[in-house]
Amino acid sequence: MHRFTGPRYQRVASEAPESARGSVLPGGEEEDDKASDNDFLDLPDFEEGIKDDDPVKSTLRGRKGKQRALGPPGAEKRFWFQRSKASYDPGAIATQPSVFDDLDTLEEYRPPEEWENIHRFDPDERWTWGEEHNLIRKIDRRIMIFAAVMFMALELDRSNISQALTDNFLEDLGMNTNDYNLGNTAFKLAFLCAELPSQLVAKWIGPDIWIPTQMAVWSIVGSAQYYLKGRTSFLVCRALLGMLQGGFIPEIILYLSYFYKHHELSLRLGFFWTASTLADVLGAFLAFGILHMRGVEGQSGWRWLFLIEGLLTLIVGLFAYVLMPSSPTTTSGWFRGQKGWFTEREEKIMVNRIIREDPSKSSMHNREPLTPKLLWQSIKDFDLWPIYILGLSFQTPMSTPSNYLTLSLKGLGFGTFKTNLLVIPSKVFHVIAMLGLTYAGEVFGELTFTALIGQIWAFPFLLFINLFDINEINKWLAWIVMTILLSYPNAHPIQVGWNSRNSNTVRSRTVSAALYNMCVQTSGIIAANIYQADDAPRYKRGNHILLSILVLNIFLYLGTKLYYVKRNAYRERVWGAMSAEERLQYLATTSDEGNKRLDFRFTH
């Protein structure tokens, strides 16, 4: 955060009733003789009924010493099952203590005037839990649901390659499984190369413009796969699709962080990837019907699959242009209504609850580009590298069997249409396990060991396919083993939110999201090349590699835990050794930003 030396706080003139407004001095403060306790008539007085010795009562600054009560720290009932009538009071104060409540730190964390939400920033704003939770539900309806729909549309058009495989796709184009691996590699490599540039473009022109553009162009290229003629055209299309999707997920994550607190974002990312899995389930049902069109106009069923699902993505992409507001305070528009989606009161709550939890979210405005210097500072942030390293390998042991699931089932003797239906159970169970894992991470406040569960889950099943040839056992037993393996609880939502929390600035969060996703895509390239044609059909060598990577992952998670524990312990010793005056001096003069600040602690 930058240090701001302007006036401590100046209320926007339109926020106060006319009788309460005084003339403004050059320094920005109203004259004392024209200010009174009625300055805050537009804010509810939460002090009634609070006793002087109540630990909840705050000694906040306010004009003429007016006090403002805050909610007790940690009083939030984060999950619906915690909000019983006995323990949840929707009328209680929700505003949590923050650096903005202290005169000594307020100026050090004040948002800059360029921040798009500055007109709604108010350190004196107070609201109740009932108001906040109602607002969160409204944000879910207006923002989160459509974000999930966009991801579903993109995933539907991205994953249809696996359904196409069941309709003699490789045979029609004169290709083999190595060509298929090369196509997946081209997709991932192009995705990887475009990840960071795409994220930088989104930060420059805004995700509300760039994301719909990506979707629209992607859908056109996806539909063009109808005209594939052979290996070369297949590889070109896969590379173009990868390039167009690069940066999409980090852009959405950064966009959602404008509206949600950290723990809220982690849970919603769980539902976000649930939407992806639901798209796979929907895609299987659609494929079951569309692939029956084989022979229509003399074309293969997979050609109709690419064309129809590409058009569906295009429709969603066009709607995205008018359904994605650029920020919480800019939701008005010709399609969204001139008054916007949120009232002035709701905008104040949205802005202040987010900024109070994480003041770094105002460090850059939503259309501010990253300079090469800031980019380099983010890339060399070694404190995020442990999470990047996890991204390189944590999904690989399960991704390779998943890529080959439809081919494996056909090889076991299941027909085209039955194969597409048999992949559905693993998708459904995967969703349930992933959501359960994400909730567990937030409920217990433990990220590393919770994320590790997915590796432990997969271990016995990978060991089984190493010891036994699934092509020689009963095909239904083989299907059960593969289904349970691919139902593993994916830690991806946890780790994306974990990476965002430990970034602690918009600049770093923008780059780190892209770098983490680049690592994940690199793991996809590795996974796409572990099974080779000369190792088919058992893939004995490939399965040995997958089991070895999984064992390595267990040690990587333990090492990550140890690293962050040690980093926090070091900072605690340094910070604890400083006097109160030294801490204030540090806050006022430090050039440290984001997760480099001594008062920041890494989550793990």
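Residues numbered from 1 in each chain as written. Predicted model: local features only at pLDDT ≥ 70, side-chain atom pairs only at ≥ 80, totals over all residues. Heavy atoms only, no water.

Caption draft 1: Focus on the overall build of the protein. Helices and strands together make up the secondary structure of the protein, namely 23 helices and 0 strands. The 604 residues of the protein split such that 58% are buried. Accessible area for the protein stands at about 24900 Å²; split by element, carbon and sulfur atoms hold 63% of it. (Helix = DSSP H or I, 4+ residues; strand = E, 2+ residues; numbered from the N terminus. Buried < 20%, exposed > 50% of the residue type's maximum accessible area, 1.4 Å probe, protein only. Areas by Shrake-Rupley, 256 points an atom, 1.4 Å probe, with all protein chains shown as cover.)

Caption draft 2: Structural context of the UniProt feature "transmembrane region" (unreviewed entry) in the protein. The UniProt record marks residues 235–258, 270–292, 304–324, 385–407, 419–441, 447–469, 514–533 and 545–564 with the feature "transmembrane region" (unreviewed entry), using the residue numbering of this structure. Helix makes up 75% of residues 514–533 and strand 0%. Its end C-alpha atoms lie 33 Å apart. (UniProt positions renumbered as here; feature names shortened; annotations may be inferred.)

Caption draft 3: Just the nonpolar core, in detail. Counting residues in each nonpolar core, the largest one holds 73 residues, and the members touching the most others are M150, F248, L256 and W273. Considering each element in turn, this core owes the most residues, 12 residues, to helix α2 (residues 129–158). No fewer than three residues from each of domain 1 (98–346) and domain 2 (370–603) sit in this core. In contact with F248, not counting residues within four places along its chain, are M150, F151, L154, I211, Q214 and M215. (Core = buried A, V, L, I, M, F, W, Y, C linked by side-chain atoms within 4.5 Å. Domains from an automatic or database assignment. Contact = heavy atoms within 4.5 Å.)

Caption draft 4: Just empty space enclosed by the protein, in detail. Following the criterion strictly, the structure yields 7 cavities of 30 Å³ or more and no others. If you go around the largest cavity, you meet 40 residues; those closest to its centre are E155, R158, D280, S402 and N403. Among the secondary structure elements, those contributing two or more residues to the lining of the largest cavity are α2, α3 (160–165), α5 (177–205), α9 (262–290), α14 (396–403), α15 (405–411), α17 (424–443) and α21 (506–528). When residues of the lining of the largest cavity are assigned to their parent elements, the largest contribution, 7 residues, is made by α21. Partitioned by chemical class, the residues of the lining of the largest cavity number 15 nonpolar, 19 polar and 6 charged. Here the lining of the largest cavity spans two domains, and each of domain 1 (98–346) and domain 2 (370–603) adds at least three residues to it. (1 Å grid on protein atoms, 1.4 Å probe; cavity = no way out; pocket = protein on both sides within 12 Å on 5 of 7 lines; lining within 4 Å. Points joined across faces, edges and corners; volume = space filled by probe spheres on them. Nonpolar A, V, L, I, M, F, W, Y, C, P; charged D, E, K, R; others polar.)

Caption draft 5: Geometry of the packing of aromatic side chains. Counted according to the given criterion, the structure contains 16 aromatic pairs. Between F464 and F468, the aromatic rings sit 4.9 Å apart at their centres with planes inclined by 35 degrees, giving tilted as the arrangement. Using a relative accessible area of 43% as the deciding quantity, one classes F468 as partly exposed. On the numbers, 6.2 Å between centres and 55 degrees between planes, the contact of W498 with Y564 is tilted. A residue pair is termed long-range when its members are at least 10 positions apart, and W498 in helix α20 (residues 492–503) and Y564 in helix α22 (residues 540–576) qualify at 66 residues. Each member of the aromatic cluster is reached from another via a ring pair, and the members are W498, Y563, Y564, F600 and F602. (Phe/Tyr/Trp six-rings, centres within 6.5 Å; stacked < 30°, edge-to-face > 60°.)

Caption draft 6: The packing of helix α6 (residues 207–224) against helix α10 (residues 301–323), seen in detail. The contact between α6 and α10 brings their axes to 8 Å, and the two run at 165 degrees. Overall, the two elements α6 and α10 adopt an arrangement that is roughly antiparallel. Of the two possible hands of crossing, α6 and α10 adopt the one that is left-handed. Mapping the contact onto sequence places D208, I209, P212, T213, M215, A216, W218, S219, G222 and S223 in α6 and F306, L307, G310, L311, T313, L314, V316, G317, A320 and Y321 in α10. When the residues that make up the contact of α6 with α10 are grouped by side-chain class, the tally is 12 nonpolar, 7 polar and 1 charged. (Axes fitted to C-alpha atoms, helices over the stretch in contact; angles between N-to-C directions. Parallel < 35°, antiparallel > 145°, perpendicular 65-115°, else oblique. Left-handed = near helix turned anticlockwise from the far one by under 90°.)

Caption draft 7: Spatial organisation of a nonpolar patch on the surface. The grouping of F449, F459, L463, L467, F468, V551, F555 and L558 at the surface amounts to a nonpolar patch, some 730 Å² of accessible area in total. Within the residue set of the nonpolar patch, elements represented by two or more residues are α18 (448–467) and α22. It is α18 that provides the largest number of residues to the nonpolar patch, a total of 4 residues. (Patch = residues over 30% accessible without salt bridge, like charges linked within 9 Å, V, L, I, M, F, W, Y side chains within 5 Å. Salt bridge = Lys/Arg side-chain N within 4 Å of Asp/Glu carboxyl O.)

Caption draft 8: Geometry of the pattern of salt bridges. Per the stated rule, a full pass over the model turns up 18 salt bridges. Among the salt bridges present, the one from E131 reaches R345, with a minimum N-O distance of 3.0 Å. Separated by 214 residues along the polypeptide, E131 in helix α2 and R345 in helix α11 (residues 344–357) bring together distant segments of the chain. With a relative accessible area of 24%, R345 lands in the partly exposed category.

Caption draft 9: Spatial organisation of α2. Under the 1.5 Å per step criterion, the end-to-end length of α2 is 40 Å for 30 residues, consistent within 8% with the ideal 44 Å. A maximum bend of about 40 degrees is found in α2 at D140. Counting buried positions over the 30 residues of α2 gives 22, a clear majority of the element. (Expected span 1.5 Å × (residues − 1). Bend = angle between axes of the 7 residues up to and from the residue.)

Caption draft 10: Layout of the packing of α5 against helix α8 (residues 248–257). The geometry of α5 relative to α8 is characterised by a closest axis approach of 9 Å and an angle of 35 degrees between their N-to-C directions. At the point where α5 passes α8, the crossing takes the right-handed sense. Side by side, α5 and α8 meet where E195, S198, Q199, A202 and K203 of the first sit next to P250, E251 and L254 of the second. For the contact of α5 with α8, the per-class residue count stands at 3 nonpolar, 2 polar and 3 charged.

Caption draft 11: How the structure looks around the environment of T343. Inspection of the secondary structure assignment puts T343 in the loop between α10 and α11. With 14 residues separating them in the primary sequence, T343 and T329 have C-alpha atoms 9.3 Å apart.

Caption draft 12: View of the side chain of D381. Counting through the fold element by element, D381 comes out in the loop between α12 (372–379) and α13 (385–393). A distance of 2.8 Å separates the side chain of D381 from the side chain of K596, its partner in a polar contact. Every residue in contact with D381, bar those within four places of it in the chain, is listed here: S508, N595 and K596. (Polar contact = N/O pair within 3.5 Å; in protein donor to acceptor, adjacent residues only side chain to side chain.)

Caption draft 13: Seen up close, the environment of V236. Topologically, V236 is positioned in helix α7 (residues 231–245). Residue classification places V236 among the partly exposed positions, given a relative accessible area of 45%. For the pair V236 and A186, spaced 50 residues apart in sequence, the C-alpha to C-alpha distance is 8.2 Å.

Caption draft 14: Broad picture of the side chain of N517. Within the secondary structure, N517 is located in helix α21. Every residue in contact with N517, bar those within four places of it in the chain, is listed here: F191, E195, I249, P250 and H492.

Caption draft 15: Structural view of the environment of N517. Classification of N517 by relative accessible area gives buried; the value is 2%. Taking C-alpha positions, N517 is 8.3 Å from Y388, a pair spaced 129 residues apart along the chain.

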